[in-house]
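Here's the letter readout for the chains.
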Amino acid sequence: MTLELRNVTKKVAGETHIDAVSLTLAHGTLNILLGPTLSGKTSLMRLMAGLDKPTEGKVFFDGKDVTGVPVQRRSVAMVYQQFINYPNLTVYENIASPLRVSGTAPGEIDRRVRETAALLKLTPLLDRKPLELSGGQQQRTALARAMVKGADLVLLDEPLANLDYKLREELREELPRIFSATGAIFVYATTEPIEALLLGGATATLARGRVTQFGPTLEVYRRPNTLETAQTFSDPPINTLAVEKKENQLASAAGHLTLPASGLFAGLGDGPYTIGFRPNHLFLKQPSREAVPVTGTVAITEITGSESFVHVDFAGQRWVALAHGVHLLEIGQAVEIWLDPGRFFVFDKSGALAAAPGISKVAA
């Protein structure tokens, strides 16, 4: 059982919302749509569900063309960011409601409701009404109502966005267990890279309605194939610096930094490149013998307790360093920061990955 999108495009009033997307999602998998607001996540889910019809391209389910088949005739369930439960019904009846609508036998309804409630740890709450539940319990109820149908495709559109931090952490821990207990295709939309990493599975990064990369989540994170993908899969944003390679030397475009063209750069031709390095790879202390120091100016420091995000201005750019522990740095203070060339992503002038840690040169 697979869901396949073949060159799917969606245009609205001449504006392209989804641009030539091709994806194949397999039975029993968790697939994450990662991208900023307005990148096309919800639009893509609506096309998958059959709520919208593509302007171009085809949608196949288990090898059958379902492009024009409405959502009512598909085996699909959806959970939205704003969880919706019937306030006058108990948790039991909320979960049972889609089965009653479909005419399922009473005994089968009871079995499936209790089985799904147990999976989502709702059994002690079955007699309560939604207003007697916490936010996390209400979202689990909405998820249970979607899952009890036994749908082949379950779509979750930023389902944790409206929960407080503690409830989000609890559900993030539980969701992989819940997903693994079913054989459905799960599609989970989020704006948060950390959520994608915590959930695992496979991730499709989206930008301006296009899928820029799709693959195992850690692989996409560790080896983004374009600068755009690296920017999508980094929070705080990935730090960048434009450089020019000439023979055995690299120089920043502004002329504030020079580096030997060794390591990742050794096999690359002369020309312009962009180096990218994540905040946890910009250091306040020398991390290795190869690291290069530069002096920047502190713009702001955000202290979370166990970590500090130090925003530094250098050569007209704002970088972020993620440092463990509490670092009290004053705004406007000069600070020495260290770049480790062995941690760089290197992108060519088109934005394609040219070299990465452990890969001195990316094959064309």
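Before any of the text, the structure's been laid out above.
Quick notes on the rules
- Residues numbered from 1 in each chain as written.
- Predicted model: local features only at pLDDT ≥ 70, side-chain atom pairs only at ≥ 80, totals over all residues.
- Heavy atoms only, no water.
- Helix = DSSP H or I, 4+ residues; strand = E, 2+ residues; numbered from the N terminus.
- Buried < 20%, exposed > 50% of the residue type's maximum accessible area, 1.4 Å probe, protein only.
- Contact = heavy atoms within 4.5 Å.
- Patch = residues over 30% accessible without salt bridge, like charges linked within 9 Å, V, L, I, M, F, W, Y side chains within 5 Å.
- Areas by Shrake-Rupley, 256 points an atom, 1.4 Å probe, with all protein chains shown as cover.
- Salt bridge = Lys/Arg side-chain N within 4 Å of Asp/Glu carboxyl O.
- Expected span 1.5 Å × (residues − 1).
- Bend = angle between axes of the 7 residues up to and from the residue.
- Polar contact = N/O pair within 3.5 Å; in protein donor to acceptor, adjacent residues only side chain to side chain.
- Axes fitted to C-alpha atoms, helices over the stretch in contact; angles between N-to-C directions.
- Parallel < 35°, antiparallel > 145°, perpendicular 65-115°, else oblique.
- Left-handed = near helix turned anticlockwise from the far one by under 90°.
- Nonpolar A, V, L, I, M, F, W, Y, C, P; charged D, E, K, R; others polar.
- Phe/Tyr/Trp six-rings, centres within 6.5 Å; stacked < 30°, edge-to-face > 60°.
- Lys NZ or Arg CZ within 6 Å of the ring centre and 35° of its normal.

The next thing to look at is the environment of L30. On the secondary structure map, L30 appears in strand β3 (residues 30-34). On the basis of relative accessible area, L30 is assigned to the buried category, the value being 11%. The spatial distance from the C-alpha of L30 to the C-alpha of S180 is 8.5 Å, given a sequence separation of 150 residues. Ignoring any residue separated from it by four or fewer positions in sequence, one finds L30 in contact with F179, F186, Y188, L199, G201 and A202.

The subject of this paragraph is the environment of P357. Locating P357 in the fold gives a position in the segment after β21 (353-355). In this structure, P357 is in contact with L264, G342, R343, F344 and F345, ignoring residues within four places of it in sequence.

Let us now look at a nonpolar patch on the surface. Among the surface-exposed residues, I303, V326 and L328 lie close enough to one another that they form a single nonpolar patch of about 300 Å² accessible area. By secondary structure assignment, the location of I303 is in strand β16 (residues 292-303).

This part takes up helix α5 (residues 165-180). Here α5 contains 16 residues, and its C-alpha end-to-end distance of 24 Å stays within 8% of the 22 Å for a straight helix at 1.5 Å per residue. Of all the bends in α5, the greatest, near 30°, is centred on E174, and the proline P176 appears no more than four residues after it. Residues L167, R168, L171, R172, E174, L175, I178 and F179 constitute the buried set of α5. Of the surrounding secondary structure, the elements contacted by the buried residues of α5 are β3, α3 (106-119), α4 (135-147), β7 (153-157), β8 (185-190) and α6 (193-199).

In this section: the side chain of H281. Relative to the assigned elements, H281 resides in the loop between β14 (271-277) and β15 (282-283). Among the polar contacts listed, one links the side chain of H281 to the side chain of R343, at a separation of 3.3 Å. Dropping the residues within four chain positions of it, H281 is found in contact with W338 and R343.

Next up on the list: the pattern of salt bridges. For the structure on display, the rule yields 13 salt bridges. With a shortest N-O distance of 3.0 Å, E93 and R100 are connected by a salt bridge. By relative accessible area, which is 41% here, R100 ends up partly exposed. A salt bridge links D270 to K245, with the nearest nitrogen and oxygen atoms 3.5 Å apart. Pair noted here: D270 is in the loop between β13 (258-260) and β14 and K245 is in strand β11 (residues 239-246), with a separation of 25 residues, a long-range link. Ionic contacts of the salt-bridge type, sharing partners, join the residues E108, R111, R112 and E115 into one network.

This part takes up helix α1 (residues 41-49). Those residues of α1 that sit buried are K41, L44, M45, L47, M48 and A49. G50 occupies a position one or two residues after α1 and carries a positive phi of about 95°.

We now examine the packing of helix α2 (residues 91-101) against α4. Running from N to C, α2 and α4 cross one another at 30°; their axes reach a closest spacing of 7 Å. With respect to α4, the element α2 is oriented roughly parallel. Seen along the crossing, α2 lies across α4 with a hand that is right-handed. From α2, V91, N94, I95, S97 and P98 reach across to α4, where they touch T141, A144 and R145. The residue makeup of the contact of α2 with α4, split by class, is 4 nonpolar, 3 polar and 1 charged.

Let us now look at the packing of aromatic side chains. Inspection of every chain in the model, using the stated rule, returns 5 aromatic pairs. Centre to centre, the rings of F277 and F344 are 5.6 Å apart; their planes meet at 35°, and the pair counts as tilted. A residue pair is termed long-range when its members are at least 10 positions apart, and F277 in strand β14 and F344 in the loop between β19 (334-339) and β20 (345-347) qualify at 67 residues. Taking the centre distance of 5.1 Å and the plane angle of 35° together, the rings of F314 and W319 count as tilted. An identical accessibility class is assigned to F314 and W319; each is buried. In textbook terms, an aromatic cluster arises when at least three aromatic residues are bridged by ring pairs, as seen for F277, F314, W319 and F344. A cation over an aromatic ring shows up here: R6 above the ring of F60, its NZ or CZ 3.8 Å from the ring centre.

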